Amino acid sequence: MASNKNINIHLKIWRQKNAKTKGSIETYKLDNVSTDSSFLEMLDQLNEQLINTQKEPIAFDHDCREGICGACSLYINGQAHGPASQVTTCQLHMRSFKDGDTIYVEPWRSKAFPVIKDLIVDRSSFDRIQQAGGFVSVNTSGNTIDANATPVPKHDADRAFEAAACIGCGACVASCKNGSAMLFVGAKVSQYALLPQGKVEATQRVLNMVRQMDEEGFGNCTNTGACEVECPKGISLENIARMNREYLFASIK
Amino acid sequence: MAKSAFLKSSIAKKYWMALTGLFLCLFLVGHLAGNLQLLATLWHTTPDDAALHFNQYALFMTTNPAVKILSYVTYISILFHAIDGIILTLQNKKARPINYAMNKPERNTIWASRNMAVLGTVILVFIVSHMVSFWAKMHFDENMPLQTITINAGGAPQEFYVTTDGGYIPKAQVDQGAYKIHDRTSFYDGQANVKIKEGYKDLYKITIEFFKQPTYGLPFTILYVLSMIVLGFHLFHGFGSAFQSLGANNPKYNGLIKNIGKGFSIIVPALFAIIPLYIHFLLK
Amino acid sequence: MKLDSKIPEGNISDKWTDYKDHLKLVAPNNRPKLDIIVVGTGLAGASAAASFAEMGYNVKAFCFQDSPRRAHSIAAQGGINAAKNYQNDGDSIYRLFYDTIKGGDYRAREANVHRLAEVSGNIIDQCVAQGVPFARDYGGMLDNRSFGGTQVQRTFYAAGQTGQQLLLGAYSSLSRQIGQGRIQMYNRHEMLDIVKVNGKARGIIARNLVTGELERHSGHAVIIASGGYGNVYFLSTNAMGSNVTAGWKIHKKGAYFANPCFVQIHPTCIPVHGENQSKLTLMSESLRNSGRIWVPKKKEDAEAIRAGKLKATDINEEDRDYFLERRYPAFGNLVPRDVASRAAKERCDAGFGIEANATNEGVYLDFSSEIISKGKQTAYAAGNHNPSDDEVIKLGKAWIEEKYGNLFQMYQQITDENPYEVPMKIYPAVHYTMGGVWVDYNLQSTIPGCFVAGEANFSDHGANRLGASALMQGLADGYFVLPYTVSDYLAGEIATGKIPTDSAEFTEAENAVRSQLEGFLNNKGTKSVDFFHKKLGHIMWNKVGMGRNAQGLTEAIAEIAALKEEFFRDVYVPGTTDELNTELEKAVRVADFIDLGQLMARDALQRNESCGGHFREEYQDAEGETLRDDENFAFVGAWEYQGNDINAEVLHKEELKYEYIKIAARNYK
């Protein structure tokens, strides 16, 4: 907080009225942005400026603003969630930018994530992948065995947690040159594959989730590794490899 | 599960890319081992011995049944690798209909990994032209020369065809009609029309001439070296990528795979590239 | 109408079991004939929707987010309580029950809280079965940690992301049912009114936030699980979209709103830094397991720190005032949230605050002692019995990183300071609302057929919620209470048949919503919605915040009423109704917040006592602790809507009886 100062910036932001119309990049100038502001607070400030001049504010997805809900997206200056590593856009602060900078703000670009308006995209394809198999088929009766009845090696529990830390923001798809969703799917497959509770239906899970992923129009993985670098939660490529193994074993079973 | 899905799914495509790619890596090692025989002048006393050494190897490679099977696997692998690659690339293009106005992929990926299709295409063109230059000649060219050797017979140097049984047939006698050559490599008795011996196709000569020809020798050498650099980049990403695709990712071994991949992608193309450079610049 | 809490007779530990045994059931072949609407997909909503669908009911679930997985339960960090006694430290259902009642400062219902404690263990079993990756020890068993207001270790956790893991667990159950076609999921839909037919909840009007279309949905029961209303303060730890609209709309249609003034101010949040700030970020209470809270003993040191002349690390140990440890030696840094928050406010008000913001509000949360102690333990465990100081610090930091890594990273992102090296700066912020829609033991509101679950209802936490209890309550309501009580209600609806949406009631409700929306767009105002929201937040924080008094509350009531008038006169909402319009969404929500804010001030004004999160400055003891008035205020205050004028709302009192816990002054000393 010691570094607080104000900067003036130029913004080039994608504007698109709705899914059916064509969009374009518009240019804005915004003065007196505190470097302590988050990137989204900067957009709030711009929107306030737009509203005060009776213009339509920029629509963007956001909710928790603490890096966990996965709602915020934005391709900022050529990178998903902007230049800082392992943060979401809401955790990106304006101290990452300099006075006079021009900042490009674009929506995620993927056939499976069509633009709804301005910077908002439709990520329900992720939900459908989850619905295809991202669960353990256990009813919610509570009449399951005691939580400690099945020990889980700490190493496996920790790896499962790391995979489960995915926030479903879609940065992996957005940064992948192929628009592939393998990191997202790999993380979910891995979480369950690593836990004894998930192993029972591991075969069907991986086949169904991959089938749904392909149907949604995501691209293929070519192991460039962009997803891992841009993932705000540091989900490892190991999870994609694990999914590849799971899929291989499931296919030959 | 349905077999078709196993062939069509995005992950299955990765397996095929990886398997064919790794097989082609093995092929490269074999091919390199053979090609290095072109440097045989370094350890043989006479150029003729060196040529023979290489041509013997070339004959083995074109006739051994096991090698033949491997060669068909190789052709199929190349085809599959290329076709699968093209399909992947087209599908991946479709997955992002609108591009970013501002994109900085260099922040999160290495150049080679983003350009595998381009690198692969260059390599494919290279393979085709390379096969036209050598493989097609070896297999189909009616005028493919047979290896001869010059021996000082009775004080005067005399040229002989070298035969696969380790014998020699004087070139003069063939020219005079005592022997006839059928099927490009078989020596027949001039009168009885019976096959007597088998000669060696002189691939060595073809190769040396290819890189040493006055006008095109230098450009060909340069193109070959450039192609090997392209291959190096392709392997730089491809080698490790194949392991990842097949699910071999374990923090314990990732470093090892990565380093082997790096080593492979530098050493193998470099050794390939040394050959035309040696022939063009150093071979007398 | 007299409030009937429907608490069953019988011994407290058998009540729920006996009651469940006698609830009416709906046979499996009848369940597909019954429709249930669930609004909200956080822990309570998602778990309820999944459970209903498994049972065979037709379920429609709604969330305003782009995916049910983003509900704000996801942001809960620290953990979830359960009386498993895995740590063998004397925990039991009774103790969890007791701690929760006491933590709530004796303003919660005994029967509800006991039920909560009873099912707490099942929640953990259920979540583990779903594949929730809780933290484990090296033996493969589940690990626990401590939370405020308890002296046992009963909190289950997954690093600092427990809420995320639990929500994704519930979301996976929800997804499974959606995938099987048993739940129709409506993402990006906001409920804008409830529809009553013959006095019963029969459906909702929802706005498709993408197309702007108003939709009618009918159901035999409506479940509201839309979360808390902390955003009435503008700045809170809630998500930007968190709102009271669903709860407020049913309030306007007859559901009583209970204890709105009970708001939890969480002690460990990152202090406010500037006027463009949009929200506050929580640093999990679990950090108080390892961190010690302090301010300088000398005022001049605090001033020097604020002026940037001294750093925290410059202050000697003997010049630090670990004020929680000083005032509450038995619980130390792990006193309940309301107590810790007030203690921090007391120090800052007295001039010892260390943050250089407009109000000097901030105290230190220091991990240096823990780093050294855990570093030594780790070294010892690894066989190094004589580690160097550097080794100790290195190992200690690694230990901290494993436990709290994501929180430390989050802190550094926001503040640009490294909390491994310098103490965190923290200050209380609005976090959770104990108040909410009044519900009976069945979680049914005063509208028949309209049930309210999770933070949206008022039930289990009294005047102050203990840490790690919100996740427990949300899942308990959804998995283990509603499936029984809603079935009991629906048993009477088997013969109803499909409810048509073309009735006069639906038309009327839709028209009312439409005219409200169009009213905003046709308003020729000049100021943004946020302008009013921030203004409301200022009034609320300053006068209905951590310290309240009759004068301030009276002023707040008048100021909010004036703000409401100004809002409807001068708000400017761009765009149209038939498109994605984020300003319009905000306008609807802020309109409801303004009403609610006024009611909160009224509720705080009528409650002439201090209890839990409700601190009336007039009612404190010599040491500044809360002074409850059990004689006159041992009741749930439930407000009945009377029309546009909030000052006309009528208060109903549900008396609280304590039969199993002796009501006493809270003492954490």
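Analysis parameters
- Residues numbered from 1 in each chain as written.
- Chains lettered and ligands numbered in written order.
- Predicted model: local features only at pLDDT ≥ 70, side-chain atom pairs only at ≥ 80, totals over all residues.
- Heavy atoms only, no water.
- UniProt positions renumbered as here; feature names shortened; annotations may be inferred.
- Helix = DSSP H or I, 4+ residues; strand = E, 2+ residues; numbered from the N terminus.
- Rg over C-alpha atoms; globule rule 2.2 N^0.38 Å.
- Buried < 20%, exposed > 50% of the residue type's maximum accessible area, 1.4 Å probe, protein only.
- Contact = heavy atoms within 4.5 Å.
- Lys, Arg positive; Asp, Glu negative; His and termini not counted.
- Charge placed at Lys NZ, Arg CZ, Asp CG, Glu CD.
- Pairing = 2+ DSSP bridges.
- Axes fitted to C-alpha atoms, helices over the stretch in contact; angles between N-to-C directions.
- Buried area = accessible area lost by both parts, 1.4 Å probe.
- Salt bridge = Lys/Arg side-chain N within 4 Å of Asp/Glu carboxyl O.
- Nonpolar A, V, L, I, M, F, W, Y, C, P; charged D, E, K, R; others polar.
- Phe/Tyr/Trp six-rings, centres within 6.5 Å; stacked < 30°, edge-to-face > 60°.
- Lys NZ or Arg CZ within 6 Å of the ring centre and 35° of its normal.
- Domains from an automatic or database assignment.
- Polar contact = N/O pair within 3.5 Å; in protein donor to acceptor, adjacent residues only side chain to side chain.
- Expected span 1.5 Å × (residues − 1).
- Core = buried A, V, L, I, M, F, W, Y, C linked by side-chain atoms within 4.5 Å.
- 1 Å grid on protein atoms, 1.4 Å probe; cavity = no way out; pocket = protein on both sides within 12 Å on 5 of 7 lines; lining within 4 Å.
- Points joined across faces, edges and corners; volume = space filled by probe spheres on them.
- Patch = residues over 30% accessible without salt bridge, like charges linked within 9 Å, V, L, I, M, F, W, Y side chains within 5 Å.
- Areas by Shrake-Rupley, 256 points an atom, 1.4 Å probe, with all protein chains shown as cover.

Labelled according to an unreviewed UniProt entry, chain C appears under the name succinate dehydrogenase, originating from Flavobacterium rivuli WB 3.3-2 = DSM 21788. Of the comments in the UniProt record for chain C, the one headed Subcellular location (unreviewed entry) reads "Cell membrane".

Under an unreviewed UniProt entry, the name given to chain B is Succinate dehydrogenase, and the source organism is Flavobacterium rivuli WB 3.3-2 = DSM 21788.

What follows is about the overall build of chain C. Across its full length, chain C holds 17 helices and 19 strands. Taking 669 residues into account, the globule formula puts the C-alpha radius of gyration at 26 Å, and chain C, at 24 Å, falls close to it. For chain C, the C-alpha atoms occupy an extent of roughly 75 × 60 × 50 Å along the three principal directions. For chain C, with 669 residues in total, the buried portion stands at 68%. Partitioning the contacts of chain C with sequence separation of at least 6, the portion at a separation of at least 24 is 74%. On chain C, the mean spot of the 74 positive side-chain charges and the mean spot of the 86 negative ones are 2 Å from each other.

Now for the sheet that holds strand β1 (residues 35–39) of chain C. Residue and element names in this part refer to chain C. Taken together, five strands build an open sheet; the order of strands is β5-β2-β1-β9-β17 and the sheet is parallel. At either end of the open sheet lies a strand with only one pairing partner, and these are β5 (183–186) and β17 (450–452). If you compare each strand with its neighbour and ignore which way they point, the axes differ by 20° on average. Strand direction decides the pairing type here: β1 and strand β2 (residues 58–62), joined by five bridges, are parallel. For isoleucine 36, the partnering residue across the bridge sits in β2 and is valine 59. Each of β1, β9 (221–224) and β17 touches helix α6 (residues 245–252); the most contacted strand, β9, lies at about 130° to it.

Each partner contributes residues to the interface: chain A has 75 residues there, and chain C has 83 residues. Summing both sides of the interface, chain A and chain C together bury roughly 6,600 Å²; the carbon and sulfur share of this comes to 50%. The partner of aspartate 146 of chain A in a salt bridge is lysine 84 of chain C, with the nearest N and O atoms 2.9 Å apart. Elements that contribute at least two residues to the side of chain A that touches chain C include exactly α1 (39–52), β6 (115–117), β7 (120–121), α2 (124–133), α3 (154–164) and α5 (182–193) of chain A. Of the residues contributing to the side of chain A that touches chain C, the split by class is 31 nonpolar, 26 polar and 18 charged.

This part covers the packing of aromatic side chains. Residues and elements named next belong to chain C. In this structure the tally under the stated criterion is 55 aromatic pairs over all chains. On the numbers, 6.5 Å between centres and 75° between planes, the contact of tryptophan 399 with tyrosine 404 is edge-to-face. Residue classification places tyrosine 404 among the buried residues on the basis of a relative accessible area of 2%. Over the ring of tyrosine 441 we find arginine 115; its NZ or CZ atom is 4.2 Å from the centre of that ring. Here the basic side chain of arginine 292 rests over the ring of tyrosine 322, its NZ or CZ set 3.8 Å away from the ring centre.

Let's shift gears to the domain arrangement of chain C. Residue and element names in this part refer to chain C. Along its sequence, chain C is organised into domain 1 (267–430) and domain 2 (511–633). Here the C-alpha centroids of domain 1 and domain 2 sit 32 Å apart. Listed as interface residues are 11 residues of domain 1 and, on the opposing side, 11 residues of domain 2. Around 820 Å² of area is buried between domain 1 and domain 2 when both sides are counted, 55% of it from carbon and sulfur atoms. Linking domain 1 to domain 2 there are one salt bridge.

Interfaces are frequently sized by the accessible area removed from exposure as the parts join. Chain A puts 47 residues into the contact, and the matching count from chain B is 37 residues. Interface area for chain A against chain B, summed over the two sides, is near 3,500 Å², with a carbon-plus-sulfur share of 53%. Summed over the three residues of chain A that lose the most area to chain B, namely Arg109, Asn220 and Asn223 of chain A, the buried surface amounts to 18% of that side. If you look at where chain A meets chain B, you find zero salt bridges. Summed over the shared surface of chain A and chain B, the number is 29 residue pairs in polar contact (both at pLDDT 80 or more).

Quick look at helix α4 (residues 65–94) of chain B now. Residue and element names in this part refer to chain B. For α4, spanning 30 residues, the distance from its first C-alpha to its last is 43 Å, which sits close to the expected 44 Å at 1.5 Å a residue. Those residues of α4 that fall on the buried side of the exposure criterion are Val67, Ser71, Thr74, Ser77, Ile78, His81, Asp84, Gly85, Leu88 and Asn92. Elements that come into contact with the buried residues of α4 comprise α2 (10–35), α3 (47–63), α6 (116–140) and α9 (217–245). Two or three places before alanine 66, at the start of α4, stands the capping residue asparagine 64, its side-chain oxygen 2.8 Å from that residue's backbone nitrogen.

Moving on, we come to the sheet that holds strand β11 (residues 263–269) of chain C. Working definition: the strands of a sheet are paired by backbone hydrogen bonds and lie parallel or antiparallel to each other. Residue and element names in this part refer to chain C. One open sheet holds the five strands; their spatial order is β11-β15-β14-β12-β13, and the pairing between them is antiparallel. For this open sheet the edge positions go to β11 and β13 (320–321), each flanked by a neighbour on one side alone. Where strand β12 (residues 292–296) lies against β13, two bridges are found, and the strand directions are antiparallel. Paired with valine 295 across the bridge in β13 is aspartate 321.

The next point concerns the UniProt feature "active site" (unreviewed entry) in chain C. Residue and element names in this part refer to chain C. The UniProt record annotates "active site" (unreviewed entry) at Arg337. By the element assignment, arginine 337 lies in helix α9 (residues 337–349). What makes arginine 337 buried here is its relative accessible area of 5%. Those residues within four positions of arginine 337 in sequence are excluded, and the remaining contacts are Phe147, Gln264, Ile265, His266, Pro267, Glu285, Arg288, His431, Asn464, Arg465, Gly467 and Ala468. Only 3.4 Å separates the side chain of arginine 337 from the side chain of histidine 266, close enough to count as a polar contact.

Another aspect to go through is the nonpolar core. As a rule of thumb, soluble globular proteins bury nonpolar side chains together. In this structure, Phe52, Ile80, Phe134 and Ile250 of chain C are the most contacted members of the largest nonpolar core, which totals 239 residues. Phenylalanine 52 of chain C has contacts with Ile36, Val38, Tyr57, Val59, Ile223, Leu482, Pro483 and Val486 of chain C, leaving out every residue within four places of it along the chain.

Let us look at the layout of surface pockets. Within this model, the second largest pocket holds a volume of roughly 1,300 Å³. Taken together, 49 residues line the second largest pocket, and the ones lying closest to its centre are Phe161 of chain A together with Ala159, Glu401, Glu402 and Lys403 of chain C. Among the secondary structure elements, those contributing two or more residues to the lining of the second largest pocket are α3 and α9 (238–252) of chain A together with α10 (368–381) and α11 (389–415) of chain C. In terms of residue count, the dominant contributor to the lining of the second largest pocket is α11 of chain C (nine residues). Of the residues in the lining of the second largest pocket, the class split is 18 nonpolar, 15 polar and 16 charged.

Okay, the UniProt feature "domain: FAD-dependent oxidoreductase 2 FAD-binding" (unreviewed entry) in chain C next. Mapped onto this structure's residue numbering, the UniProt feature "domain: FAD-dependent oxidoreductase 2 FAD-binding" (unreviewed entry) falls at residues 35–471 of chain C. Helix makes up 32% of residues 35–471 of chain C and strand 18%, and the two end C-alpha atoms of the span are 27 Å apart.

Turning next to the UniProt feature "transmembrane region" (unreviewed entry) in chain B. All names here are of chain B. Under the present numbering, the feature "transmembrane region" (unreviewed entry) in UniProt falls on residues 69–90, 111–136, 222–243 and 264–283. Its end C-alpha atoms 32 Å apart, residues 222–243 is made of 100% helix and 0% strand. The span residues 264–283 is 95% helix and 0% strand, and its two end C-alpha atoms sit 27 Å from each other.

Now for a nonpolar patch on the surface. Residue and element names in this part refer to chain B. Together, Trp111, Leu218, Ile222, Leu223, Leu226, Ile229, Phe233, Leu277, Phe281 and Leu282 make up an exposed nonpolar region whose accessible area comes to about 960 Å². When residues of the nonpolar patch are traced back to their parent elements, those giving at least two are α9 and α10 (251–282). Ranked by residue count, the leading element in the nonpolar patch is α9, at six residues. Tracing the chain through its elements places phenylalanine 281 in helix α10.

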